[in-house]
Amino acid sequence: MLFKDIVTHRQSIRGYRDKPVEREKIELCLEAARLAPSACNSQPWYFMIVDQPELRKQVAEHIIKGVVPINRWANQAPVLVIILTEKPKLVTQVGGFLKRKEYNLIDLGITAEHFCLQATELGLGTCMLGWFNEKGIKKALNIPTKKRIGLVITVGYHDENKDRKKIRKSMDEIREYL
């Protein structure tokens, strides 16, 4: 698949078939994520792969529950990838403080997108989630309280037969040559 085809085909999937995802495919996605660039090569991420049915169901409850249960479909995903934000290198922390930028969150987005693009090439669907009960997931997975969950990615074979039309701003709305 050409890169343009991958980015065109990649979309947030909110419906999955009841089919397990091969660990070999998850490993390829993790390798793509591992190779992502990061500020000062901090690599401020750690991946927890939840694919055991009972634990996955328990974690999914903390994605679904809440005041606004917007991710009801998350329990269909055969794999949940929990991405923890790790402490960046000191120079990145200082630079981030001075420039008022959270480089670790930028890095997290880059590594997550590498994961999702690789998944797309492998015929998998993904959806990045930022709305979840962090405290509940941490308890379910025995994650120390000092650690932060940056994102959750749902992964699986999607039950959607075709790509949805992407609604994006025009090129003239998003760029300017000077």
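Calculation rules
Residues numbered from 1 in each chain as written. Predicted model: local features only at pLDDT ≥ 70, side-chain atom pairs only at ≥ 80, totals over all residues. Heavy atoms only, no water. Axes fitted to C-alpha atoms, helices over the stretch in contact; angles between N-to-C directions. Helix = DSSP H or I, 4+ residues; strand = E, 2+ residues; numbered from the N terminus. Parallel < 35°, antiparallel > 145°, perpendicular 65-115°, else oblique. Left-handed = near helix turned anticlockwise from the far one by under 90°. Contact = heavy atoms within 4.5 Å. Nonpolar A, V, L, I, M, F, W, Y, C, P; charged D, E, K, R; others polar. Pairing = 2+ DSSP bridges. Buried < 20%, exposed > 50% of the residue type's maximum accessible area, 1.4 Å probe, protein only. Polar contact = N/O pair within 3.5 Å; in protein donor to acceptor, adjacent residues only side chain to side chain.

## Some words on the packing of helix α3 (residues 53–64) against helix α6 (residues 134–141)
Move 1: Two elements in contact, α3 and α6, have axes separated by 8 Å at closest approach and are oriented at 165°. Relative to α6, the element α3 is oriented roughly antiparallel. Read as a crossing pair, α3 and α6 show a hand that is right-handed. Of α6, the residues touching α3 (which contributes Leu55, Gln58, Val59, His62 and Ile63) are Gly136, Ile137, Ala140 and Leu141.
Move 2: Considered class by class, the residues forming the contact of α3 with α6 number six nonpolar, three polar and no charged.

## Here we look at the sheet that holds strand β3 (residues 125–129)
Move 1: The four strands are arranged β1-β2-β4-β3 in an open sheet whose pairing can be described as antiparallel. The open sheet is flanked by β1 (45–50) and β3, the only strands paired with a single partner. Sheet twist, expressed as the average angle between the axes of neighbouring strands with direction ignored, equals 20°.
Move 2: Note that β3 and strand β4 (residues 148–156) share five bridges and pair antiparallel. Along β4, the bridge assignment pairs Met128 with Ile153.
Move 3: Against the sheet, α3 engages β1, β2 (79–85), β3 and β4, with an angle of about 65° to β2.

## A short note on the packing of helix α2 (residues 23–34) against helix α5 (residues 103–121)
Move 1: For the pair α2 and α5, the least separation of the axes is 7 Å and the interaxial angle reads 145°. Along this stretch, α2 crosses α5, giving a crossing that reads as right-handed. Between α2 and α5, the contacting residues are Ile26, Leu28, Cys29, Leu30, Ala32, Ala33 and Arg34 on the first element and Thr111, His114, Phe115, Gln118 and Ala119 on the second.
Move 2: Residues of the contact of α2 with α5, tallied by class, amount to eight nonpolar, three polar and one charged.

## Quick notes on α6
Move 1: Burial analysis of α6 places six of its eight residues in the buried class, the great majority of the element.
Move 2: For α6, the complete set of buried residues consists of Glu134, Gly136, Ile137, Lys138, Ala140 and Leu141.
Move 3: Those residues of α6 that are buried lie in contact with β1, α3, β2 and β4.
Move 4: Looking at where α6 begins, the residue whose side-chain oxygen comes 3.2 Å from the main-chain nitrogen of Lys135 is Asn133.
Move 5: Positive phi appears at Asn142, one or two residues downstream of α6, with a value of about 55°.

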